[in-house]
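# Structural overview for review
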Amino acid sequence: MQTPDLNLLVTLDVLLTEGSVAKAAERLQLSPSAMSRALARLRESMNDPVLVRAGRGLVPTPRALALQQKVSQLVLDAKTVLQPADMPDLETLVRTFTLRTREGFVENFGLALIDRVRVEAPGIQLRFVQKTDKDSAPLRDGTVDMETGVLGKTAGPEVRMQALFQDRFIGVVRTGHDLSDGEMTARRYAEGAHVNVARRSRVTSPVDEILEPLGLERRIVTIVSSFATALSIARSSDLIATVPERYTGNLRTGMHSFPLPVEPPGFTISLFWHPRMDADPVHRWLRRCVREICTEQSVTT
């Protein structure tokens, strides 16, 4: 069976509304001859005259009259489908969003985000899950709505991103630690006892790569997999933790933080999402909330 020309639905709707080929042509910005040809195609497709002469005007056939309301609704529904989605009422919307983040994000930015969502959209639930790698598969398969982190080589080429803030590594020790007083030199920093953060098999960090040409090497006592764990150990020992400054702001409360005597490259924390969610109005609203909160928190850090 040949697929009908769905454009003829718009033609039929206008013809039945106007009851005139000339007026229908004017409304659709067609020539009268083009409108007559469209009416001929309609008659052939429907096997019905659609409009017939009655005096000087045209009147719809019984079938066309019976279909008029249905056709009008179909055209209206089609226009709605093809238009940008409207923002639903956030105050009554019920929906869950899953955010995939590294440790530290929820502790530093999560509470402000939760509070804002509770005020503007109390029916929205935020679900935070731990980010253990940079694979974009969870974004692609829809198990995650958005995630934060540093752009990695394994990120899918289709993934959308927007920068949230710039960050850098700093040193952190417990209050009263020997390194909390006096000038911080590269040698003094390197010779201290360190808790290192390494995921998977990687042990060295950008800091180690800068220390090596200086003939220095950190004395790493223990290795952990998260910055939160490193700070917890440093808080209760003489070990030095090297962590991102803004990403761990609240986790370092009550500890002594200091700029590193060497300067590894800074990095950008970004927000990532899949393009299929790009135009979703509620997803866009939540992305804006994340950006604004991260900007506000970064400025006050």
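Let me sum up the structure you'll find in this document.

### Quick word on the overall build of the protein chain
Regarding its fold elements, the protein chain presents ten helices and twelve strands. On C-alpha atoms alone, the protein chain measures out to a radius of gyration of 32 Å, which is more than a quarter above the 19 Å that the 2.2 N^0.38 rule sets for 301 residues. When its C-alpha atoms are laid out on the principal axes, the protein chain stretches across 105 × 40 × 30 Å. When the 301 residues of the protein chain are sorted by exposure, 42% land in the buried category. Total accessible area computed for the protein chain in this model is approximately 17000 Å², and 52% of it derives from carbon and sulfur atoms. Counting 38 positive and 36 negative side-chain charges, the protein chain places the centres of these two groups 6 Å from one another.

### Brief notes about helix H5 (residues 105-120)
With 16 residues, H5 should cover 22 Å at 1.5 Å per step; its first-to-last C-alpha distance of 21 Å lies within 8% of that length. Taken as a whole, H5 carries its principal kink of about 30° at Leu111. All buried positions along H5 are accounted for by Phe105, Asn108, Phe109, Gly110, Leu113, Arg116 and Val117.

### Some details on the packing of aromatic side chains
Evaluated as defined, the whole model comprises seven aromatic pairs. Their ring planes at 40° and their centres at 5.3 Å tell us that Phe109 and Phe165 sit as a pair that is tilted. Of this pair, Phe109 sits in helix H5 while Phe165 sits in strand S6 (residues 160-167), placing them 56 residues apart in sequence. In this structure Phe109 comes out as buried when scored by relative accessible area, which is 3%. Phe165 sits in the buried class, given a relative accessible area of 5%. Ring plane angle 35° and centroid distance 6.4 Å describe the contact between Phe165 and Tyr247, whose orientation is recorded as tilted. Of the two residues, Phe165 sits in strand S6 while Tyr247 sits in the loop between strand S10 (240-244) and strand S11 (256-259), which places them 82 residues apart along the sequence.

The rules behind the values
Residues numbered from 1 in each chain as written. Predicted model: local features only at pLDDT ≥ 70, side-chain atom pairs only at ≥ 80, totals over all residues. Heavy atoms only, no water. Helix = DSSP H or I, 4+ residues; strand = E, 2+ residues; numbered from the N terminus. Rg over C-alpha atoms; globule rule 2.2 N^0.38 Å. Buried < 20%, exposed > 50% of the residue type's maximum accessible area, 1.4 Å probe, protein only. Areas by Shrake-Rupley, 256 points an atom, 1.4 Å probe, with all protein chains shown as cover. Lys, Arg positive; Asp, Glu negative; His and termini not counted. Charge placed at Lys NZ, Arg CZ, Asp CG, Glu CD. Expected span 1.5 Å × (residues − 1). Bend = angle between axes of the 7 residues up to and from the residue. Phe/Tyr/Trp six-rings, centres within 6.5 Å; stacked < 30°, edge-to-face > 60°.

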